[in-house]
Amino acid sequence: MHLIQIISLAGAALILVAFTLQLQGKWSAQDLRYLVCNVIGALTLTAVAYIEQQWGFLLMESVWTLVSIYGLIKRKAVTH
């Protein structure tokens, strides 16, 4: 298996684990762990999509990354 595929699987796993834990009620959508997993996972998949020139995937993951970063910023503003 190529390194890029391993990196891609790791990024997807972060997002899926966070999503599953949120659906199970163990994490909330405002939970720092949930948001960080989404940012790191989506940013990883954004990089993979760029390297692989997968433009639709790049669009989706770029937006996912930006929305997740917005969630982190919003969370920080509420907690301070």
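Residues numbered from 1 in each chain as written. Predicted model: local features only at pLDDT ≥ 70, side-chain atom pairs only at ≥ 80, totals over all residues. Heavy atoms only, no water.

A.B. asks: Would you take a moment to explain the pattern of salt bridges for this structure?
C.D. replies: In this structure the tally under the stated criterion is one salt bridge. For the salt bridge of Arg33 with Asp31, the shortest nitrogen-to-oxygen distance reads 2.8 Å. Accessibility expressed as a relative area gives 15% for Asp31, which makes it buried. (Salt bridge = Lys/Arg side-chain N within 4 Å of Asp/Glu carboxyl O. Buried < 20%, exposed > 50% of the residue type's maximum accessible area, 1.4 Å probe, protein only.)

A.B. asks: In this structure, what is going on with the layout of surface pockets? I would like to understand it.
C.D. replies: Over the atoms, a rolling probe the size of a water molecule traces out where space has been left empty. Considering only enclosed or pocket space, the largest pocket measures out at about 160 Å³ in volume. Looking at the largest pocket, the residues that line it are Ala29, Gln30, Leu35, Gly71, Lys74, Arg75, Val78 and Thr79. At five residues, the largest contribution of residues to the lining of the largest pocket is made by helix 3 (residues 55-79). When the residues that make up the lining of the largest pocket are grouped by side-chain class, the tally is three nonpolar, three polar and two charged. (1 Å grid on protein atoms, 1.4 Å probe; cavity = no way out; pocket = protein on both sides within 12 Å on 5 of 7 lines; lining within 4 Å. Points joined across faces, edges and corners; volume = space filled by probe spheres on them. Helix = DSSP H or I, 4+ residues; strand = E, 2+ residues; numbered from the N terminus. Nonpolar A, V, L, I, M, F, W, Y, C, P; charged D, E, K, R; others polar.)

A.B. asks: Any chance you could explain the nonpolar core here in plain terms?
C.D. replies: Soluble globular proteins: nonpolar side chains tend toward being buried together. Membership of the largest hydrophobic core is limited to six residues, which are Ala18, Leu21, Trp27, Tyr34, Leu35 and Cys37. Among the secondary structure elements, those contributing two or more residues to this core are helix 1 (3-23) and helix 2 (32-51). The leading source of residues in this core is helix 2, at three residues. Discounting chain neighbours no more than four positions away, the residues touching Trp27 are Ala18, Leu21, Gln22, Arg33, Tyr34 and Cys37. (Core = buried A, V, L, I, M, F, W, Y, C linked by side-chain atoms within 4.5 Å. Contact = heavy atoms within 4.5 Å.)

Just distances and angles here, no functional claims.
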